[in-house]
Amino acid sequence: MARVLLFGRLSDVAGWREREIESPFLSALRTRLAADDPGLGEALARPGVQVALDQVIVRGDAALNARTEVAFLPPMSGG
Amino acid sequence: MIRLTFDPFDPGALLTEFCRGRTEVGAVATFTGLARADAGSTAVLELEAYPGFSEAEIGKIAAEAQVRFKLADHFILHRIGRIGPGEPIVFVATAARHRRAAFEACDFLMDYLKSRAPFWKKEHGPDGARWVEPRAEDHADIARWDKERSS
């Protein structure tokens, strides 16, 4: 069961911030999120959206463990 | 040192504390960012971080600045949560043997914080809320340092 976290505009689009979702791979998780909520699927596919697994940025697909924390990070802006 | 806080802070007190007991440092530079009202269009700013991840990512860049500019020390404090107009939102202090390195490191750290640090900023105004993303100038500002690094 992955713990999925949404930040910034993504949590507004989805209407949630954190959810437990069963998925063996990041790619499968994306497919499932997009199927459940096409608006979120589109927002996740936009350029500049990064993914961190257990707080480490990853590119491409990856296997998810039972306790993996998956964070979707839209473009960042501080200061 | 990197710290995130929900609470308002006093930049003057932080500067005094940062300077305390330094006898081998000739220069301390600081930057304080304030939340802008933009003529009433922004009533409140809301800053979101990813606890743990945000501090760690900022820490990597601060470590890079420490080496690149041969800093004696650095301190970064960033507000998260809701911030009213005129309130300090970010404070950066750098200490070095001479002023140029302190100024440049401070500038470098702020350019990074504006465009690449893991924060998400929402402006609440009379016309509703909107998420703020880095402007073209912010990307150009941080790109200056990439160029200098590769040359």
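Residues numbered from 1 in each chain as written. Chains lettered and ligands numbered in written order. Predicted model: local features only at pLDDT ≥ 70, side-chain atom pairs only at ≥ 80, totals over all residues. Heavy atoms only, no water.

Novice: I keep staring at unusual backbone geometry and nothing clicks. Help me out?
Specialist: It is generally the case that most residues other than glycine have a negative phi and that most peptide bonds are trans. Phi at A:Gln55 is positive, roughly 70°, even though this residue is not glycine. Tracing the backbone shows A:Gln55 in the loop between β3 (50-53) and β4 (56-58). Of the residues examined, A:Gln55 reaches a relative accessible area of 27% and is grouped as partly exposed. Even without a glycine there, the phi angle at B:Lys70 is positive, about 50°. Among the structural elements, B:Lys70 can be located in the loop between α2 (53-68) and β4 (73-79). (Helix = DSSP H or I, 4+ residues; strand = E, 2+ residues; numbered from the N terminus. Buried < 20%, exposed > 50% of the residue type's maximum accessible area, 1.4 Å probe, protein only.)

Novice: Looking at this structure, I do not really get the sheet that holds strand β5 (residues 81-83) of chain B. What am I missing?
Specialist: Two pairing modes exist for strands in a sheet, parallel and antiparallel, and in both the strands are linked by backbone hydrogen bonds. Residues and elements named next belong to chain B. With antiparallel pairing, 4 strands are arranged side by side in an open sheet as β5-β3-β7-β8. The open sheet has two free edges, formed respectively by β5 and β8 (128-132), since each of these has just one partner strand. The mean inter-strand angle of the sheet, taken between neighbouring strand axes irrespective of direction, is 25°. (Pairing = 2+ DSSP bridges. Axes fitted to C-alpha atoms, helices over the stretch in contact; angles between N-to-C directions.)

Novice: Is there a simple way to think about the state of the cysteines in this case?
Specialist: Among covalent bonds in proteins, the disulfide is the one between the sulfur atoms of two cysteines. Residue and element names in this part refer to chain B. The full count for this structure, using the stated rule, is 0 disulfides over all chains. You can see Cys19 has no disulfide; the closest cysteine sulfur is in Cys106, sitting 12 Å from it. The class for Cys106 is buried, based on a relative accessible area of 5%. (Disulfide = S-S within 2.5 Å.)

Novice: Got a minute to help me understand the packing of helix α2 (residues 26-36) of chain A against helix α3 (residues 38-45) of chain A in this structure?
Specialist: Residue and element names in this part refer to chain A. At a minimum axis separation of 5 Å, α2 and α3 run at an interaxial angle of 135°. With respect to each other, α2 and α3 are oriented oblique. Along the contact surface, α2 presents Arg30, Leu33, Ala34, Ala35 and Asp36, while α3 presents Pro38, Leu40, Gly41 and Leu44. Its residues placed into classes, the contact of α2 with α3 shows 6 nonpolar, 1 polar and 2 charged. (Parallel < 35°, antiparallel > 145°, perpendicular 65-115°, else oblique. Contact = heavy atoms within 4.5 Å. Nonpolar A, V, L, I, M, F, W, Y, C, P; charged D, E, K, R; others polar.)

Novice: Would you mind going over empty space enclosed by the protein with me for this structure?
Specialist: If a probe as big as a water molecule is rolled over the atoms, it shows which places are left empty. Following the criterion strictly, the structure yields 1 cavity of 30 Å³ or more and no others. In this structure, the largest cavity spans a volume of roughly 40 Å³. Lining the largest cavity, in full, are A:Gly8, A:Arg9, A:Pro74, A:Pro75, B:Trp120, B:Trp131, B:Val132 and B:Glu133. Across the lining of the largest cavity, the residue classes break down as 5 nonpolar, 1 polar and 2 charged. (1 Å grid on protein atoms, 1.4 Å probe; cavity = no way out; pocket = protein on both sides within 12 Å on 5 of 7 lines; lining within 4 Å. Points joined across faces, edges and corners; volume = space filled by probe spheres on them.)

Novice: Can you help me understand the layout of surface pockets in this one?
Specialist: Residue and element names in this part refer to chain B. Its boundaries defined by the atoms lining it, the second largest pocket holds a volume of some 290 Å³. Looking at the lining of the second largest pocket, the elements that each hand over two or more residues are α2 and α3 (99-115). Take the lining of the second largest pocket: its biggest share by element is 4 residues, from α2. Across the lining of the second largest pocket, the residue classes tally to 9 nonpolar, 4 polar and 3 charged.

Novice: Even after reading the chapter, I still don't get the pattern of salt bridges, so can you show me in this structure?
Specialist: Two side chains that carry opposite charge are able to pair once their charged atoms sit near each other. Residues and elements named next belong to chain B. Inspection of the entire model under this criterion finds 16 salt bridges over all chains. Of the charged contacts, one joins Glu57 and Lys60 as a salt bridge, the two residues approaching to 2.8 Å between their closest N and O atoms. Of this pair, Glu57 and Lys60 both sit in helix α2, 3 residues apart, which is roughly one turn of the helix. By relative accessible area, which is 52% here, Lys60 ends up exposed. (Salt bridge = Lys/Arg side-chain N within 4 Å of Asp/Glu carboxyl O.)

Novice: I tried to follow the interface of chain B and chain A on my own but got confused; where do I start?
Specialist: For interface size, the figure often reported is the accessible area lost on association. Taken together, the 25 residues of chain B in the interface contact 19 residues of chain A. Summed over both sides, the interface between chain B and chain A buries roughly 1,900 Å², with carbon and sulfur atoms accounting for 52% of that surface. Where chain B meets chain A, there are 3 salt bridges. Its residues assigned to classes, the side of chain B that touches chain A shows 16 nonpolar, 3 polar and 6 charged. (Buried area = accessible area lost by both parts, 1.4 Å probe.)

Novice: Sorry, what's going on with the packing of aromatic side chains here?
Specialist: Two descriptors summarise a pair of aromatic rings, namely the distance from one centre to the other and the angle between the planes of the rings. Residue and element names in this part refer to chain B. Tallied over the entire structure, the rule returns 7 aromatic pairs over all chains. Their ring planes at 55° and their centres at 5.5 Å tell us that Phe69 and Phe108 sit as a pair that is tilted. One end of the pair, Phe69, is in the loop between α2 and β4; the other, Phe108, is in helix α3, and 39 residues separate them in sequence. Accessibility classification places Phe69 together with Phe108 in one group, the buried group. Ring geometry for Phe108 versus Trp145: centroids 5.5 Å apart, planes at 85°, classification edge-to-face. (Phe/Tyr/Trp six-rings, centres within 6.5 Å; stacked < 30°, edge-to-face > 60°.)

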